[in-house]
Amino acid sequence: MRARLVALALAFGACNFAPPKPDMEPPLPPAKPQAVSGPAATVSGESVLAQRPPIPPLGPFDAPVPTVVTLSNGLKLYIVVRPSAGLEAVGFVTRQGAAADPLGKEGLASIAAAMLQAGSAGKSQAEVAAAADAMGANLAVGASTDALAIGLSALAPQLNAMSTLLADVALRPNLKLSDWQKVQGERLGELTAARNQPRAAARAAFLAALYGYGPLGHPAEGNIASVKGLRLADAKAFLASVSPGDSALVAVGSASTEVVQAALEAAFGAWKPAGRSAIRTRADTKPVVRPRFVLVDFPGKPQSVLLVGQPGVPRSSPDVLPLELANAIVGGSFTSRLNQNLREQHGYSYGAGSGFAFGRGPGAFAARTSVQTDVTAKAVTEVFNELSRLVAEPLTADELSKGKALLAFELVESLQSVSATARAVADIFLFDLPLDEYKTYVARLQALTPATVQDAVRRTLHPTEMTLAIAGDAKAVLAQMQADSALKLPAPQLRDPEGKLLGRTAPSVSGAAASGTSRTSPHP
Amino acid sequence: MVFALPLTLLLSAAPQLTVPVTHAELPNGLKVIIAPDRTVPGVVINLLYHVGSRDEQPGRTGFAHLFEHLMFMGARYVPYPQFDTLMEAGGGVNNAFTSYDITDYHSVGPSNLLETFLWMESDRLLTLGQEMTQEKLETQRKVVLNERRQSYENVPYGKVEDALPPALFPKGNPYSWPVIGSAADLRAATLQDVKDFFATWYVPSNASLVIAGDVDPAQALALVNKYFAFLPKRPLPQQATAPTAKLASEVRLQLTDKVDLDKVVIAWLSPRSGTTEDAACDLLASILGRGKASRLYQRLVYRDQLATEVSVQQEPRELQSVFSISALARPGVDVHALEKAIDEEVEQLRSQQPTLAEVEAARTLVYTDAARRLESLVSRAQYLNELQLTYGVGATVMRDLDRYQGLTPAGLKDTANQVLGVGRVVVEVKPEPKVANAQEAK
């Protein structure tokens, strides 16, 4: 592959849907004939090539506005009809995710979601999975920071069968002890494997540094100790708190509104809330003094995984759009400043990028890259330089125009498949967005100016307070950091691959006081 | 894209997935497919060059992929870095990948960029070789070495990717080295290598162009003519071939890595892409390892708690494919326990027919996957180009899917017996011995 600029996932996974959208003014300057360099044109076609093609105006993109109907039990159903799709996606989402995991029970929402795939409505785990296969459906169940989500998609004639299966999985899990033990064992295996992955470790250490090991500061999947301590009763309690008032259904595809409503009314209409609905998100989130530098040791690794960032803003913030635009320029595209700097100019990396994870809480911003171990300190300096420049200088007119064009087309792309569209529609519910969020996206984008973008950046991003997380060879990394006098970072906190604080400390970096590490919140 | 679904959807009846296209071939041999879709204000062009890692010279493994990177380093009229900057200024993005058999490039963006995309592709196809420099080569050599570090060396069990090809294929076979190549060979590549490779492989007759999206076919074809018809006709290069490789017996590799869990990968040589037997292997892989109802998931992950995860795939290639099973152990489970359970499940598939329900579900998943591949412009265009490469000009989606139609439980059992036999490669990966206080010891 040439490059992979993966959107920032962090623990906020499914909620990180940040589409840009299209309409797309013609952003290029008028075609300038380019001077022919090199040998004189020897082929008649070169006169064609010497002329830069025009870029004609583009029509608007009519992004969908979902229709919302309410089932007889009050459950909201968001529908997008796309007659030519041939496929149908149906989904269930509830506003209850890993941010609600109690202290010491990290991973609860995620493992409760996994239990939804471990047998339902009297059918065994294998029978449920086989039922989905028989429809040609991919059944996906998971929990992110802010949500638990179940999704299915298949050819359109499977709508009724999918609706029934969706309701079985969402509402009638068997929750048997024998299945719990299997699910818990599988999760412990996955968590053990994740400890060997520098990228997962850097992410875990980064999140824990940002928020402390609390509601927002742990990987949604939990950690080995917390998952060992979980019981089936915990999962039952979590799932019992899911209710129609906190939940919504989404359907995208060929079927008409009436047909979709009938199918999902039949499947979900009788569902009654078991108890009081409660969104137990991050009321208990305490501000922490963030360490500036955290390090996870992977002796002998050829690369260092770097994350540099801080908390972001909630998805509901008016700054989301200007921040997305700024991100497109600093790290959200191939020609972004970070990628050009670290990959193309310096050759430190296969790629560098950045992203926001927006959620109901502040989410996070991070720049990230993997660099050769022997250039780690230099790469850290370049990342901080680019982030500082983003705050110090407004975007140029060309950058603003490019960012708008890129985000506009990203919206088109993100709404192509029925499944991706269903996820985008689910975000409208999860984050209380206007129904015409995507329809108005381009107009809102076009209204941005360098000043409005820079204002949002300055309100939000503070490079001198950002946290650096590194997963790599600690000895090699520290030697470089100590030798680099320009890097004004305190000694790192050492963390384990799950993000938990280790007892030991490392020697300080470049003579800077280690005070930044001393006031962090305690960790379980 | 048009879906014509039977009124009553019989179990496993194939949906009629039809993509209306226009075909053309220019006098210089460039093959063209135009697939209009006015429902999305976007356009993709997918340009497939029929050259992959199998066409590399000895001592130059990884070169086809390194070359892929160099295609973005600028040509005469769109000098570096304008391929990317002009495209992204207009809202377009691009990417590319290299496999054993092909190198595939795409650009996607708002439909008003169609002409810009074609102009940039034409420029680099005509002039890239003359504009290549040592400096450009050095820039991308570093990037690719870092790609190798990031995607293989810094990934747990990544060394399996290096070890498998030479164990599966005999020395000299063009599939006997990995697409990413060796770091030493990547360091050895010269500017002259780049120019020669370009001159040989990057010619119109060895390329196939798909345009999909919001275009008028006649106008799009006129633009293709404007930008590609003047490119001179050049000799059609011949891809590397090899006698069909066979593994007479088991080859066992034992590796260690900086990991906590054992892992086993078992691989067999299997029938080439586009054949009915390849489709049969695809269904076998699905029955064994796709999703949480599959046999290996049920046995290894759910029931016996031996594995953390398991995956099975039939990876189709032009000369010969590879069928592989990989399983990551649970903590404390030995690789041999894992292997024994896998062997029992494979043996079961060889000795008894799968159930009709398993076969029908696997087939339905194939059909639905195909429909999903047609959803986005990028994957649709790539699929159309692959179909043409595999089945020839005019190949339809149904040509691909029809291979699955006649497959029966009895036939799948036969295929399992033919393919999943004693001749195979088993790679065991175990944790490196732990040095006490390893962090300080380094």
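Refer to the preceding data block for the structure.
The structure presented is a predicted model; accordingly, all values stated were derived computationally and were not measured.

Participant: Got a minute to help me understand the overall build of chain A in this structure?
Facilitator: A tally of regular secondary structure across chain A gives 17 helices and 13 strands. Across chain A, every contact between residues at least 6 apart in sequence was considered, and the portion connecting residues at least 24 apart equals 81%. Approximately 17800 Å² of chain A is accessible, and the part contributed by carbon and sulfur atoms is 57%.

Participant: Would you mind going over the side chain of B:Asn206 with me for this structure?
Facilitator: Residue and element names in this part refer to chain B. Mapping Asn206 onto the fold places it in the loop between helix H7 (191-201) and strand S8 (207-213). Among the polar contacts made by the side chain of Asn206, one reaches the main-chain carbonyl oxygen of Trp201 at a distance of 3.1 Å. Excluding anything up to four places from it in sequence, Asn206 contacts Leu48, Tyr49, His50, Val51, Trp201, Leu236, Pro237 and Gln239.

Participant: Whenever I open this one, the interface of chain B and chain A confuses me. Can you help?
Facilitator: Reports often express the size of an interface as the amount of accessible area lost when the parts come together. Taken together, the contact pairs 89 residues of chain B with 96 residues of chain A. For the chain B and chain A pair, buried surface summed over both sides reaches about 8100 Å², with 57% attributable to carbon and sulfur atoms. A salt bridge links A:Glu186 to B:Lys292; the nearest nitrogen and oxygen atoms lie 3.9 Å apart. Between chain B and chain A we count 28 residue pairs in polar contact (both at pLDDT 80 or more) in total. The leading source of residues in the side of chain B that touches chain A is helix H4 (residues 134-153) of chain B, at 9 residues. Split by residue class, the side of chain B that touches chain A holds 39 nonpolar, 28 polar and 22 charged.

Participant: Quick question: what am I supposed to make of the pattern of salt bridges here?
Facilitator: Pairs can form between side chains of opposite charge once their charged atoms are near each other. Residues and elements named next belong to chain B. Summed over all chains, the structure comprises 49 salt bridges over all chains. With a closest N to O distance of 2.7 Å, Glu250 and Arg252 form a salt bridge. Lys430 is paired through a salt bridge with Asp334; the nearest N and O atoms lie 2.9 Å apart. Within this pair, whereas Lys430 is found in strand S13 (residues 424-431), its partner Asp334 is found in the loop between strand S12 (321-329) and helix H11 (335-351), the two being separated by 96 residues in sequence. For Asp334, a relative accessible area of 32% puts it in the partly exposed group.

Participant: Could you clarify how one ought to interpret the packing of helix H1 (residues 63-70) of chain B against H7(B) in this entry?
Facilitator: Axes are the key here: two packed helices are described by the angle between their axes and the distance separating the axes. All names here are of chain B. H7 packs onto H1 with a crossing angle of 90 degrees between their chain directions and a minimal axis gap of 11 Å. On the basis of their axis angle, the class for H1 and H7 is roughly perpendicular. Here Phe63, Ala64, Phe67 and Leu70 of H1 come into contact with H7, specifically with Asp193, Val194, Phe197 and Phe198.

Participant: Can you help me understand the sheet that holds strand S2 (residues 76-81) of chain A in this one?
Facilitator: Strands belonging to one sheet form pairs held by backbone hydrogen bonds; the direction of such a pair is parallel or antiparallel. Residues and elements named next belong to chain A. Taken in spatial order, the 6 strands of this open sheet run S1-S2-S6-S3-S5-S4, and their pairing is mixed. The open sheet has two edge strands with one neighbour each: strand S1 (67-70) and strand S4 (138-143). Adjacent strand axes in the sheet meet at a mean angle of 15 degrees when their direction is disregarded. Two elements, S1 and S2, share 4 bridges in a ladder whose sense is antiparallel. Each bridged residue has a counterpart across the sheet, and for Val68 the counterpart in S2 is Tyr78.

Participant: Can you walk me through the environment of A:Thr467 in this structure?
Facilitator: Residues and elements named next belong to chain A. Summarising the element assignment, Thr467 is placed in strand S11 (residues 467-472). In this structure the C-alpha to C-alpha distance between Thr467 and Pro318, which are 149 residues apart in sequence, comes to 25 Å. A distance of 2.6 Å separates a polar atom in the side chain of Thr467 from the backbone oxygen of Pro291.

Participant: Would you take a moment to explain the sheet that holds S8(B) for this structure?
Facilitator: Residues and elements named next belong to chain B. One open sheet holds the 6 strands; their spatial order is S3-S4-S8-S5-S7-S6, and the pairing between them is mixed. At either end of the open sheet lies a strand with only one pairing partner, and these are strand S3 (22-25) and strand S6 (93-98). Within the sheet, the average angular offset between the axes of one strand and its neighbour, ignoring direction, is 15 degrees. Across the sheet, helix H2 (residues 82-89) touches S6 and strand S7 (103-110), and the angle it forms with S6 is around 135 degrees.

Participant: Sorry if this is basic, but what is going on with the pairing of strand S5 (residues 42-49) of chain B here?
Facilitator: Successive side chains on a regular strand alternate, one facing one side of the sheet and the next facing the other. All names here are of chain B. A large share of S5 lies buried, amounting to 8 of its 8 residues. Here S5 shows a buried face lined by Gly42, Val44, Asn46 and Leu48 and a second buried face lined by Val43, Ile45, Leu47 and Tyr49. Taken together, the 8 bridges between S5 and S7 define a ladder with antiparallel strand orientation. In the sheet register, Tyr49 faces S7, and the bridge partner there is Thr103. Note that S5 and S8 share 7 bridges and pair antiparallel. Bridge pairing in S8 links Val44 to Ala212.

The rules behind the values
- Residues numbered from 1 in each chain as written.
- Chains lettered and ligands numbered in written order.
- Predicted model: local features only at pLDDT ≥ 70, side-chain atom pairs only at ≥ 80, totals over all residues.
- Heavy atoms only, no water.
- Helix = DSSP H or I, 4+ residues; strand = E, 2+ residues; numbered from the N terminus.
- Contact = heavy atoms within 4.5 Å.
- Areas by Shrake-Rupley, 256 points an atom, 1.4 Å probe, with all protein chains shown as cover.
- Polar contact = N/O pair within 3.5 Å; in protein donor to acceptor, adjacent residues only side chain to side chain.
- Buried area = accessible area lost by both parts, 1.4 Å probe.
- Salt bridge = Lys/Arg side-chain N within 4 Å of Asp/Glu carboxyl O.
- Nonpolar A, V, L, I, M, F, W, Y, C, P; charged D, E, K, R; others polar.
- Buried < 20%, exposed > 50% of the residue type's maximum accessible area, 1.4 Å probe, protein only.
- Axes fitted to C-alpha atoms, helices over the stretch in contact; angles between N-to-C directions.
- Parallel < 35°, antiparallel > 145°, perpendicular 65-115°, else oblique.
- Pairing = 2+ DSSP bridges.

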